[in-house]
Amino acid sequence: MRVDVLTIFPDYFAPLELSLIGKARTTGLLDVGVHDLRQWTHDVHRTVDDTPYGGGPGMVMRPEPWGAAFDELVPPDRPPLTGPESVPLDDRAPVLIVPTPAGQRFDQAMAHAFAGERRLIFACGRYEGIDQRVLEEAATRMRVREVSLGDYVLFGGEVAVLVMLEAVVRLLPGVIGNAESLTEESHANGLLEAPLYTKPAVWRGREVPEVLRSGDHGRIARWRRAQSLLRTAAQRPDMLASTAPETLDKHDVAT
Ligand SMILES: Nc1ccc2ncsc2c1
């Protein structure tokens, strides 16, 4: 997978050298380019923002640097359309992901969808946001996705990109040694994962549930499923709304 990140704060992405993402890059599973948007400005102050039309607080990111950056990163195979019409794009066009509080909610399903792409481009907005024409023009040659991490506001898109990148890259084949981890974790099956335990068997007077030390794998699987349902009902009842109702056997819940 090829990933390009456009930002005015490239140093935010130093963590991409670390951990599994760093390993994915060195093993060739992932190729990442982080680009300072200011390299596509030409004035002495490297200006990327200006005052909003129609008034209002703060500043808006100018379209010109973004347009020049996309021209270089995604050379149009024909002159970009200048009108408001958008062009249906085939699935070979890169996906442009724009973090914004005004976007579609990012979730594990979206992470899986992005992990199936050959190329992702992330546009990190700052200030009050990016001139809307940037997204409109980008849609003539990319599949544009405005994505929110949740109902809160950050200073800009960089932290959101780090979160989404980690969620996507860990799903790439070969990045996580034990792929089975991906099938047991929260949100992998529409539920929250069951509680986890490790040694010692007793810690500060608290015992690991006997079922987990029973060696009875069928019983353990039933217990974990029951605990997963109970935990989801307690923490995220909204997730249960989209899961087929399931009866809980009191024996399965017993620890
Ligand atoms: N550009 C920008 C600004 C704030 C923000 N908060 C969450 S995503 C995002 C993106």
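Residues numbered from 1 in each chain as written. Predicted model: local features only at pLDDT ≥ 70, side-chain atom pairs only at ≥ 80, totals over all residues. Heavy atoms only, no water.

What to know about the overall build of the protein chain
What the protein chain contains, in helices and strands, is nine helices and nine strands. Taken along its principal axes, the extent of the C-alpha atoms in the protein chain is 70 × 40 × 40 Å. Restricting the contact set of the protein chain to residue pairs at least 6 apart, pairs at least 24 apart contribute 75%. Of note, the protein chain has its 28 positive side-chain charges centred 7 Å away from the centre of its 36 negative side-chain charges. (Helix = DSSP H or I, 4+ residues; strand = E, 2+ residues; numbered from the N terminus. Contact = heavy atoms within 4.5 Å. Lys, Arg positive; Asp, Glu negative; His and termini not counted. Charge placed at Lys NZ, Arg CZ, Asp CG, Glu CD.)

Focus on the sheet that holds strand β2 (residues 31-36)
Sheet architecture is open: five strands sit in the order β2-β1-β6-β5-β7, paired in parallel fashion. The open sheet has two free edges, formed respectively by β2 and β7 (143-148), since each of these has just one partner strand. Strand-to-strand, the axes of this sheet are offset by a mean angle of 25°, without reference to chain direction. Pairing of strand β5 (residues 95-105) with strand β6 (residues 119-123) involves three bridges; the strand directions are parallel. In the strand pairing of β6, valine 95 is matched with leucine 120. Where helix α2 (residues 63-73) meets the sheet, it contacts β1 (2-7), β2, β5 and β6, and its direction lies at approximately 160° from that of β1. (Pairing = 2+ DSSP bridges. Axes fitted to C-alpha atoms, helices over the stretch in contact; angles between N-to-C directions.)

Notes on the domain arrangement of the protein chain
For the protein chain, the domain assignment lists domain 1 (2-169) and domain 2 (189-254). Taking the mean C-alpha position of each, domain 1 and domain 2 sit 39 Å from one another. (Domains from an automatic or database assignment.)

Examining the confidence of the model for the protein chain
Of all residues in the protein chain, 93% attain a pLDDT of 70 or more, and the chain-wide mean is 91. The ipTM, which scores confidence in the relative placement of chains, is 0.96 for this predicted complex, and the corresponding pTM is 0.89. (pLDDT = per-residue confidence, 0-100.)

Section: the site of the ligand
In the region of the ligand, the neighbouring residues are Pro99, Thr100, Pro101, Gly125, Arg126, Tyr152, Val153, Leu154, Gly156 and Gly157. Residue glycine 125 places a main-chain N or O atom 3.1 Å away from a nitrogen atom belonging to the ligand. Leucine 154 places a main-chain nitrogen or oxygen 2.8 Å from a nitrogen atom of the ligand. If the ligand stood free it would expose 290 Å²; the protein chains cover 93% of that surface. Class assignment of the residues belonging to the shell around the ligand gives a composition of five nonpolar, four polar and one charged. (Near = heavy atom within 4 Å. Polar contact = N/O pair within 3.5 Å; in protein donor to acceptor, adjacent residues only side chain to side chain. Areas by Shrake-Rupley, 256 points an atom, 1.4 Å probe, with all protein chains shown as cover. Nonpolar A, V, L, I, M, F, W, Y, C, P; charged D, E, K, R; others polar.)

A short note on the packing of aromatic side chains
For the coordinates displayed, the defined rule picks out three aromatic pairs. Ring geometry for tryptophan 66 against phenylalanine 70: centres 6.1 Å apart, planes inclined by 40°, an arrangement best described as tilted. Taken together, the residues span about one helical turn, with tryptophan 66 and phenylalanine 70 both in helix α2 at a distance of four residues. The burial state of tryptophan 66 is the same as that of phenylalanine 70; both residues are buried. (Phe/Tyr/Trp six-rings, centres within 6.5 Å; stacked < 30°, edge-to-face > 60°. Buried < 20%, exposed > 50% of the residue type's maximum accessible area, 1.4 Å probe, protein only.)

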